[in-house]
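Geometric and topological summary
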Amino acid sequence: MTKEELQALTVGKSVDARGTACPGPLLEAKKAIATINSGDIMEILSADEGTKKDIPKWANKKGHEFLGIVEEPGYYKIYMKKK
Amino acid sequence: MCLALFSGALDKLTAAGVILSGAAADDMDIDVYVLLQAARAFKKEIALNKDEIKLAENSHLREEFIDSLKKLNVKEWQDFFKEVKEITNAKFHICGLAGKIWGGETLDDFIDITDDIVGISEYITAAEEADIHLFI
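I will try to describe carefully the structure that is included in this document. Keep in mind that this is a model prediction, so the values were computed, not measured. (Residues numbered from 1 in each chain as written. Chains lettered and ligands numbered in written order. Predicted model: local features only at pLDDT ≥ 70, side-chain atom pairs only at ≥ 80, totals over all residues. Heavy atoms only, no water.)

1. Thoughts on the interface of chain A and chain B
The interface is formed by 11 residues belonging to chain A together with 13 residues belonging to chain B. Buried surface at the junction of chain A and chain B, summed over both partners, amounts to about 1,100 Å²; 58% is from carbon and sulfur atoms. The three residues of chain A that bury the most area against chain B are A:P23, A:L27 and A:K30, which together make up 42% of that side's buried surface. Here chain A and chain B share 4 salt bridges between them. For A:K61, the salt bridge identified is with B:D26, shortest N-O distance 2.6 Å. On the surface where chain A and chain B come into contact, there are 8 residue pairs in polar contact (both at pLDDT 80 or more). Secondary-structure elements contributing two or more residues to the side of chain A that touches chain B are α2 (24–33) and α3 (51–61) of chain A. (Contact = heavy atoms within 4.5 Å. Buried area = accessible area lost by both parts, 1.4 Å probe. Salt bridge = Lys/Arg side-chain N within 4 Å of Asp/Glu carboxyl O. Polar contact = N/O pair within 3.5 Å; in protein donor to acceptor, adjacent residues only side chain to side chain. Helix = DSSP H or I, 4+ residues; strand = E, 2+ residues; numbered from the N terminus.)

2. Things to note about the sheet that holds strand β4 (residues 75–81) of chain A
Residues and elements named next belong to chain A. Strand order in this open sheet of 4 strands is β1-β2-β4-β3, and the pairing throughout is mixed. Edge positions in the sheet fall to β1 (13–16) and β3 (65–72), since each has one partner strand and no second. Adjacent strand axes in the sheet meet at a mean angle of 20°, parallel and antiparallel pairs treated alike. Taken together, the 6 bridges between strand β2 (residues 41–46) and β4 define a ladder with antiparallel strand orientation. Among the inter-strand pairings, M42 is bridged to a residue of β4, identified as M80. Packing of α2 onto the sheet brings it into contact with β1, β2 and β4, and relative to β2 it is tilted by some 160°. Running over the sheet, α3 touches β2, β3 and β4 and is turned about 5° from β4. (Pairing = 2+ DSSP bridges. Axes fitted to C-alpha atoms, helices over the stretch in contact; angles between N-to-C directions.)

This is the structure in structure tokens:
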């Protein structure tokens with residue numbers, strides 16, 4: 001998806017994990033995904049460089065759909081759809 | 001996942017916490033066998049006295065290491081282990097011999113994340129059955 005498409009998504013859950021280092025964002029995502037419905041979009045905000053690879057890998061392994069990443073000044077927004 | 005946790009050093013316990021967190025995020029069942037030096041770290045009077053837990057390497061950088069963990073908002077090792085237990089089916093087993101070496105005879109002698117005190121056969125069986133087997 002393009003940056004514009006990602007930014008236009010209706011986000012069902014936003015997880016702000018910018019205050020944590022690995023594995024904080026992954027665990028925050030893991031906990032939050034349990035609180036949303038199948039098909040809902042979740043965004044994870046992270047300032048941790050490793051999270052850019054960590055979350056997509058985890059999401060795909062668990063059967064969720066990784067949608068893309070938007071780079072913001074000093075952090076990333078990572079988008080995924082719950083299976 | 002089966003983890004033989006031998007080390008009672010702060011850096012290695014922290015590494016174990018990070019790895020177990022990844023396994024928990026993947027919904028893995030986890031069995032941790034707390035062996036010699038780790039069993040000492042799991043004793044209540046040791047775990048609660050942070051000065052008793054050293055670094056395995058670069059011991060002169062202990063304060064710098066602790067400061068960095070705080071700045072990065074990284075959990076302390078016991079909190080990693082507690083969170084892992086909240087997320088997935090994780091059990092912490094104290095090696096009976098290791099416990100006795102450090103004066104730990106009963107479950108009450110160890111921090112509250114500890115599930116039981118076991119013999120070596122339990123560990124060997126879990127290691128045989130696990131898809132991932134690590135030693136720290």
